[in-house]
Amino acid sequence: MKQKKGSLLSWHTEWIMSRFPFQLTTEADYDAAYRFSTESPEAFWEDVASHYQWRKPWHTTLEWNFQEPDVKWFLGAELNITENCIDRHLSDKAEQTAIIWEPNESHEAAKHISYRELHDEVCRMANVLTDLGVTKGDRVCIYMPMIPELAYAVLACARMGAIHSVVFAGFSANSVADRINDSSCKVVITTDAMSRGAKQIAVKAIVDEALTQCTSVERVLVVNRMNWEVPMAEGRDVDYRKEHAHAATIFEPVAMQSEDPLFILYTSGSTGKPKGVLHTCGGYMVYAGYTFSNVFQYKTGEIHWCTADIGWVTGHSYILYGPLLNGATTLMFEGIPTYPDAGRFWEVVDKHRVNIFYTAPTAIRSLMSAGIEHVLPYTLQTLRALGSVGEPINEEAWHWYDTNIGKNRCAIVDTFWQTETGGIMLTSCAGVTNSKPALAGLPLPGVQPILVDSNGNEIEGNDAEGHLCFKFPWPSILRSTWGDHERCRQTYFATYPNLYFTGDGARRDEDGLYRIIGRVDDVINVSGHRFGTAEIENAINQNKHVIESAVVGFPHDIKGQGIYAYVILAKGSEANQDMRDRIIETVAHEIGRIAKPDKIQFVSGLPKTRSGKIMRRILRKVAEGDVSSLGDTTTLLDPTIVEEIVKGAN
Ligand code: WTA
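Residues numbered from 1 in each chain as written. Predicted model: local features only at pLDDT ≥ 70, side-chain atom pairs only at ≥ 80, totals over all residues. Heavy atoms only, no water.

Draft legend 1. Quick look at the environment of F292. Here F292 lies in helix 11 (residues 281–296). What makes F292 buried here is its relative accessible area of 0%. C-alpha separation for the pair F292 and C429, spaced 137 residues apart in sequence, amounts to 9.8 Å. When neighbours within four sequence positions are excluded, F292 is seen to be in contact with Q297, Y298, H304, Y318, G322, P323, N326 and A328. (Helix = DSSP H or I, 4+ residues; strand = E, 2+ residues; numbered from the N terminus. Buried < 20%, exposed > 50% of the residue type's maximum accessible area, 1.4 Å probe, protein only. Contact = heavy atoms within 4.5 Å.)

And the structure:
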């Protein structure tokens with residue numbers, strides 16, 4: 001890359017004559033950009049990156065190998081992502097709404113937060129965190145409901161160069177503790193309590209319980225949400241209300257190296273405890289902003305609503321960073337789809353005149369099953385594009401979404417991506433590229449998918465099925481897993497040499513569009529949330545009545561996949577409903593309610609091979625209710641156990 005002397009602004013605007021517009025609005029633009037992005041990926045991403053504001057240009061666009069792995073984008077460049085998300089818009093959009101906040105209770109007033117207010121609140125939070133001793137590189141755990149202060153907290157960390165680790169506020173104290181300890185967080189930001197639908201949750205008490213297992217946390221910043229009186233530990237806990245009152249509304253963004261960490265986000269894999277996926281500043285920024293603009297074809301003034309929680313990657317990239325990088329108005333919803341009734345989403349769409357609506361198939365299926373009478377009272381006339389994410393969408397749900405929500409006039413994008421990819425990888429671009437019901441679609445420019453067989457040989461041509469990998473890095477590919485780079489290598493880069501392996505199976509159709517089939521490893525996707533079967537087994541095994549367990553997924557009408565647990569109880573423990581409830585409580589305690597088994601079958605043994613390996617294939621078949629073709633069971637240590645399991649299946 002050529003470096004230009006002179007002011008940074010002139011470098012930014014003059015340095016490169018963009019070959020392509022930032023937003024590709026025609027199929028021809030997409031085709032040309034895609035071709036160029038595979039022929040000259042570095043030049044392509046330089047072009048995209050030139051649309052952002054950098055403090056200092058990069059001297060090397062990309063260095064990479066997938067063996068170690070070691071991927072670095074925009075080396076030598078300096079930036080602060082919040083300058084691009086906030087400050088950059090203050091010249092022309094200071095009074096425009098950045099965030100619309102819709103509370104859990106429909107009778108409570110919504111908030112409209114302008115870019116100016118967002119700037120001031122993020123700076124306030126950054127100043128308070130500075131007073132608490134947080135500096136560049138420190139890890140900050142954020143465990144909060146979906147309130148504006150959550151957005152301020154995330155962006156404040158990014159502005160000061162602290163590494164945020166947002167933990168979804170549905171995880172248990174044990175899970176919070178594991179995540180805090182894994183990355184030695186110095187500060188936790190939380191609230192007194194929260195409400196989710198009709199439930200109230202004592203958030204601060206969960207943090208207090210977690211912190212009995214943690215030594216790294218020095219301070220806890222407590223934001224008030226529910227006016228609860230909560231115990232405050234002297235010298236550790238700080239009431240944000242008091243600090244906020246005198247915090248300054250200016251905070252100079254810290255200049256970050258492109259490859260400095262931006263955030264850690266924990267996600268489950270097939271083995272062990274959840275791992276901290278690491279994303280870095282420059283590449284993540286470039287990719288989140290670019291994909292948001294192109295996939296949803298965002299136009300100035302539109303209202304974008306992604307219904308995810310910021311505790312998941314979808315919330316990071318498409319509630320906060322992606323939209324704000326584009327100067328968009330993004331809606332943040334505190335509640336759930338079914339409270340006070342199953343019309344809540346549609347009420348919010350009409351109320352705030354939402355143009356882009358992005359949700360998960362599980363929500364669509366659950367609202368579909370609630371009945372059309374919850375949709376009919378609303379016009380939904382402002383909607384232009386609909387999105388789906390997190391799990392494969394079945395055709396029935398796709399058509400229901402298209403007909404009843406999109407009124408057959410909205411573009412639908414089914415976006416495939418992962419915590420590890422940082423942003424959307426395979427999808428159609430709303431109204432621009434080819435889209436088919438229940439197919440994710442084409443790769444975005446800069447994305448090079450490849451299907452391989454189980455030996456790692458490429459399956460070429462269309463009409464093919466295999467394991468989905470990517471063969472070239474994109475700017476927001478994960479850089480590592482926190483504290484354990486070898487685990488990153490093993491999990492994603494060791495299965496197939498020189499490829500990033502997603503863990504998913506996929507089909508490429510006759511037009512080159514991808515359909516995601518689902519995980520091919522021991523990860524199950526429950527309502528769009530990822531869990532490792534081993535992670536749930538470990539939780540179940542914590543129950544003192546349990547000797548051993550094996551967990552598999554099974555098809556579930558609403559959740560996509562449900563959790564089916566086979567459990568061996570200790571002698572003398574009674575196999576009854578009460579025991580099932582106790583095991584569910586154990587899982588809720590160890591991980592959180594979101595991971596509780598849907599079905600528990602008590603068994604006297606598990607189908608193991610002579611080498612002690614559980615034959616999960618058999619357990620999956622039984623859980624699916626398909627016992628006609630259990631395959632060869634003669635290699636089992638005790639083939640009679642299969643008969644027992646089949647008889648006892650529920
Ligand atoms: C699955 C969520 C089918 C997939 C952004 C992937 C999908 C995992 C889709 C990542 C989709 C995500 N169609 N399956 N459109 N999107 N998945 O890390 O199995 O929570 O590997 O990221 O969800 O889940 P994660």
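Draft legend 2. Just the pattern of salt bridges, in detail. As enumerated under the stated definition, the model contains 37 salt bridges in all. One salt bridge in this structure joins K204 and D237, with 2.8 Å as the shortest N-O distance. Here the residue K204 occupies a position in helix 9 (residues 203–211), and D237 occupies one in strand 12 (residues 237–239), the gap between them amounting to 33 residues. Grouping residues by exposure puts K204 and D237 together as buried. Here K436 makes a salt bridge to D511, at a shortest N to O gap of 2.7 Å. One end of the pair, K436, is in the loop between strand 21 (426–427) and strand 22 (442–443); the other, D511, is in the loop between strand 26 (500–508) and strand 27 (514–519), with 75 residues separating them in the sequence. For D511, a relative accessible area of 43% translates into the label partly exposed. Via salt bridges that share partners, E102, R344, E347 and K351 belong to a single interconnected network. (Salt bridge = Lys/Arg side-chain N within 4 Å of Asp/Glu carboxyl O.)

Draft legend 3. Fine view of the site of the ligand. Close contacts around the ligand come from 17 residues, with D414, T415, T419, D504 and R530 the closest. Note that a nitrogen atom of the ligand is positioned 3.4 Å from one of the backbone N or O atoms of P392. T419 is positioned with one of its side-chain polar atoms (N or O) 2.6 Å from an oxygen atom of the ligand. Across the complex, the protein chains shield 96% of the 530 Å² of accessible surface that the ligand would expose by itself. Where the shell around the ligand is concerned, the elements lending two or more residues are helix 12 (313–325), strand 20 (411–415) and strand 27. Classifying every residue of the shell around the ligand gives 6 nonpolar, 6 polar and 5 charged. (Near = heavy atom within 4 Å. Polar contact = N/O pair within 3.5 Å; in protein donor to acceptor, adjacent residues only side chain to side chain. Areas by Shrake-Rupley, 256 points an atom, 1.4 Å probe, with all protein chains shown as cover. Nonpolar A, V, L, I, M, F, W, Y, C, P; charged D, E, K, R; others polar.)

Draft legend 4. Highlighting helix 2 (residues 27–39). With 13 residues, helix 2 extends 18 Å from end C-alpha to end C-alpha; this agrees with the ideal 18 Å at 1.5 Å per step. For helix 2, the set of buried residues is Y30, A33, Y34, F36 and S37. Of the surrounding elements, those touching the buried residues of helix 2 are helix 3 (41–49), strand 22 and strand 23 (449–452). (Expected span 1.5 Å × (residues − 1).)

Draft legend 5. Up close: the packing of helix 8 (residues 173–182) against helix 9. Contact pair helix 8 / helix 9: the axes reach a minimum separation of 8 Å and the direction vectors enclose 55°. By the angle between their axes, helix 8 is oblique relative to helix 9. Note on packing geometry: the crossing formed by helix 8 with helix 9 is right-handed. Along the contact surface, helix 8 presents A173, V176, A177 and I180, while helix 9 presents I206, E209, A210 and L211. The class makeup of the residues in the contact of helix 8 with helix 9 is 7 nonpolar, no polar and 1 charged. (Axes fitted to C-alpha atoms, helices over the stretch in contact; angles between N-to-C directions. Parallel < 35°, antiparallel > 145°, perpendicular 65-115°, else oblique. Left-handed = near helix turned anticlockwise from the far one by under 90°.)

Draft legend 6. Here's a closer look at the state of the cysteines. What the rule picks out here adds up to 0 disulfides. Summary of cysteine pairing: C281 is not part of a disulfide, and the nearest cysteine sulfur, belonging to C85, is at 11 Å. According to the relative accessible area criterion, C281 is buried, its value standing at 3%. Considering cysteine sulfurs only, C488 is the nearest to C469, which forms no disulfide, with 14 Å between them. (Disulfide = S-S within 2.5 Å.)

Draft legend 7. Local environment of the environment of F20. Relative to the elements of secondary structure, F20 occurs in the loop between helix 1 (8–14) and helix 2. The buried category is assigned to F20, whose relative accessible area is 13%. Spatially, the C-alpha atoms of F20 and I86 are 25 Å apart, while their sequence positions differ by 66 residues. Beyond its immediate stretch of four places on either side in the chain, F20 contacts A32, A33, F36, F44, D47 and H51.

Draft legend 8. Structural context of the pairing of strand 17 (residues 329–333). The buried fraction of strand 17 amounts to 5 of the 5 residues, a majority that puts the element mostly inside the structure. Going residue by residue along strand 17, you find T329, L331 and F333 tucked away on one face and T330 and M332 tucked away on the opposite face as well. Sheet topology note: the strand 4 (residues 97–102)/strand 17 ladder contains 4 bridges and is parallel. Each residue of the ladder has a partner; that of E102, found in strand 17, is F333. As paired elements, strand 16 (residues 303–306) and strand 17 share 3 bridges and run parallel to each other. Among the inter-strand pairings, I303 is bridged to a residue of strand 17, identified as T329. In this region the chain leaves strand 16, passes through helix 12 and returns to the parallel neighbour strand 17; the handedness of that crossover is right-handed. (Pairing = 2+ DSSP bridges. Right-handed = clockwise from strand over helix to strand, strands pointing away.)

Draft legend 9. Spotlight on the packing of aromatic side chains. Taken as a whole and assessed by the stated rule, the structure comprises 45 aromatic pairs. Pairing F345 with W346 gives two aromatic rings, centres 6.0 Å apart and planes at 80°, and the pair type is edge-to-face. (Phe/Tyr/Trp six-rings, centres within 6.5 Å; stacked < 30°, edge-to-face > 60°.)

Draft legend 10. Structural view of helix 3. Buried residues dominate helix 3, accounting for 7 of its 9 residues. Where helix 3 is concerned, the buried positions are P41, F44, W45, E46, D47, V48 and A49. The secondary structure elements touched by the buried residues of helix 3 are helix 2, strand 1 (60–65), strand 2 (70–75) and helix 11.

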